[in-house]
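# Observations on the model geometry
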Amino acid sequence: MLLYDAVRRRRDTRREFTGEPVDPEVLERVLSAAHCAPSVGMSQPWDFVLVREPATLATFRDHVLAERARFAATLEGERAETFAAITVEGVVESGLGVVVGYDPRRAGPSVLGRHTIADTGLYSVCLAIENLWLAATAEGLGVGWVSFYREEFLGELVGFPAHVRPVAWLCVGQVEDLPDVPDLERHGWRHRSPLASVLHDERWTPRPDAAGPGTPGPGTPGPGTAGSGTA
């Protein structure tokens, strides 16, 4: 698959998992792609915990559903109805969770390039996740980024020390197919805005046709965020 094809084909997968195990060689290629990501000061501040134990998957699934219910309770009207139809996890169905952590102590206290912007370490971890996601797409796998969780809960669940921050639980697995339209767009939660609405020359200027934070696009029934963070 060409790079641009993978970029356009990538989806936040939820309902499509088959439950079939991922071939170990394929998984190693995907994780190796993640580990090749650029990182500030070449600190490589990521850790990947592979979770396959059914009891652990079920425990995390139950936690996610409880957090989903708390978020749902904050919604009203059309937002509540729209959200009710959206699947925000595929924890058990995928059969594999890749928990990505950020270790700010990696490479010591003086990381080249992190002196003025501490978050560059966190940005590096997100780049590793993007690499993983694109590689998985090229391999025909699905990835779902679950973010309906409390960081303390997930950190304790996978044994992270206190200084390692959980950044993502990624459901990774075989899929029947990847949908042509992202779930959040298909359900009418948000739409993908055109490039022109976020593009500026030299200095930022307001875009009268751009949807602001939390503002729905055409045909979208009201403001909000579904919490899974991706589409």
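First, a word on what this report is: a plain description of the structure on this page.

Rules of the game
- Residues numbered from 1 in each chain as written.
- Predicted model: local features only at pLDDT ≥ 70, side-chain atom pairs only at ≥ 80, totals over all residues.
- Heavy atoms only, no water.
- Core = buried A, V, L, I, M, F, W, Y, C linked by side-chain atoms within 4.5 Å.
- Buried < 20%, exposed > 50% of the residue type's maximum accessible area, 1.4 Å probe, protein only.
- Helix = DSSP H or I, 4+ residues; strand = E, 2+ residues; numbered from the N terminus.
- Axes fitted to C-alpha atoms, helices over the stretch in contact; angles between N-to-C directions.
- Left-handed = near helix turned anticlockwise from the far one by under 90°.
- Contact = heavy atoms within 4.5 Å.
- Nonpolar A, V, L, I, M, F, W, Y, C, P; charged D, E, K, R; others polar.
- Salt bridge = Lys/Arg side-chain N within 4 Å of Asp/Glu carboxyl O.
- Phe/Tyr/Trp six-rings, centres within 6.5 Å; stacked < 30°, edge-to-face > 60°.
- Lys NZ or Arg CZ within 6 Å of the ring centre and 35° of its normal.
- Expected span 1.5 Å × (residues − 1).
- Arc of directions from axis to C-beta.

Of all hydrophobic cores here, the largest spans 27 residues; its most connected members are Val98, Ile129, Leu132 and Leu170. Breaking this core down by element, the ones donating at least two residues are helix H2 (24-35), strand E2 (97-102), helix H6 (120-138), strand E3 (141-146) and strand E4 (165-174). Counting residues per element, this core draws most heavily on H6, at eight residues. Core analysis: the next-biggest nonpolar cluster, separate from the first, contains 20 residues, Val64, Phe160, Val175 and Leu178 among them.

So, on to the packing of H2 against H6. When two helices pack together, their arrangement is given by the angle between the helix axes and the distance between those axes. Viewed as axis vectors pointing N to C, H2 and H6 meet at an angle of 150°, and their least axial separation amounts to 7 Å. Between H2 and H6 the crossing geometry is right-handed. From H2, Val30, Leu31, Ala33 and Ala34 reach across to H6, where they touch Ala128, Asn131, Leu132, Ala135 and Ala136. Across the contact of H2 with H6, the residue classes break down as eight nonpolar, one polar and no charged.

For methionine 42, the location among the structural elements is in the loop between H2 and strand E1 (46-51). Residue methionine 42 is classed as exposed on the basis of its relative accessible area, which comes to 66%. Spatially, the C-alpha atoms of methionine 42 and alanine 107 are 8.2 Å apart, while their sequence positions differ by 65 residues.

The subject of this paragraph is the pattern of salt bridges. Counted by the stated rule, this structure contains nine salt bridges. Measuring nitrogen to oxygen at the nearest pair gives 3.0 Å for the salt bridge that ties arginine 9 to aspartate 177. Taken together, the residues arginine 9 in helix H1 (residues 3-9) and aspartate 177 in the loop between E4 and helix H8 (183-186) connect sequence positions 168 residues apart. In this structure arginine 9 comes out as partly exposed when scored by relative accessible area, which is 24%. Here arginine 150 makes a salt bridge to glutamate 67, at a shortest N to O gap of 3.2 Å.

For the structure shown, the criterion picks out four aromatic pairs. Judged by centre distance (6.3 Å) and plane angle (50°), the ring pair of tryptophan 133 and tryptophan 145 falls under tilted. Separated by 12 residues along the polypeptide, tryptophan 133 in helix H6 and tryptophan 145 in strand E3 bring together distant segments of the chain. One exposure class covers both tryptophan 133 and tryptophan 145, and it is buried. The structure contains a cluster of three or more aromatic residues connected by ring pairs, namely Phe60, Tyr149 and Trp169. Here the guanidinium or amino end of arginine 10 rests over the ring plane of tryptophan 133, the centre of that ring lying 4.7 Å away.

This next bit is on helix H3 (residues 54-72). The first and last C-alpha atoms of H3 sit 26 Å apart over 19 residues, in line with the 27 Å expected at 1.5 Å per residue. Residues Leu57, Phe60, His63, Val64, Glu67 and Arg68 constitute the buried set of H3. Projected onto a plane normal to the axis of H3, the buried residues spread over an arc of 140° and lie on a single side. Facing away from the buried side of H3 by more than 90 degrees, the exposed set consists of Pro54 and Arg70.

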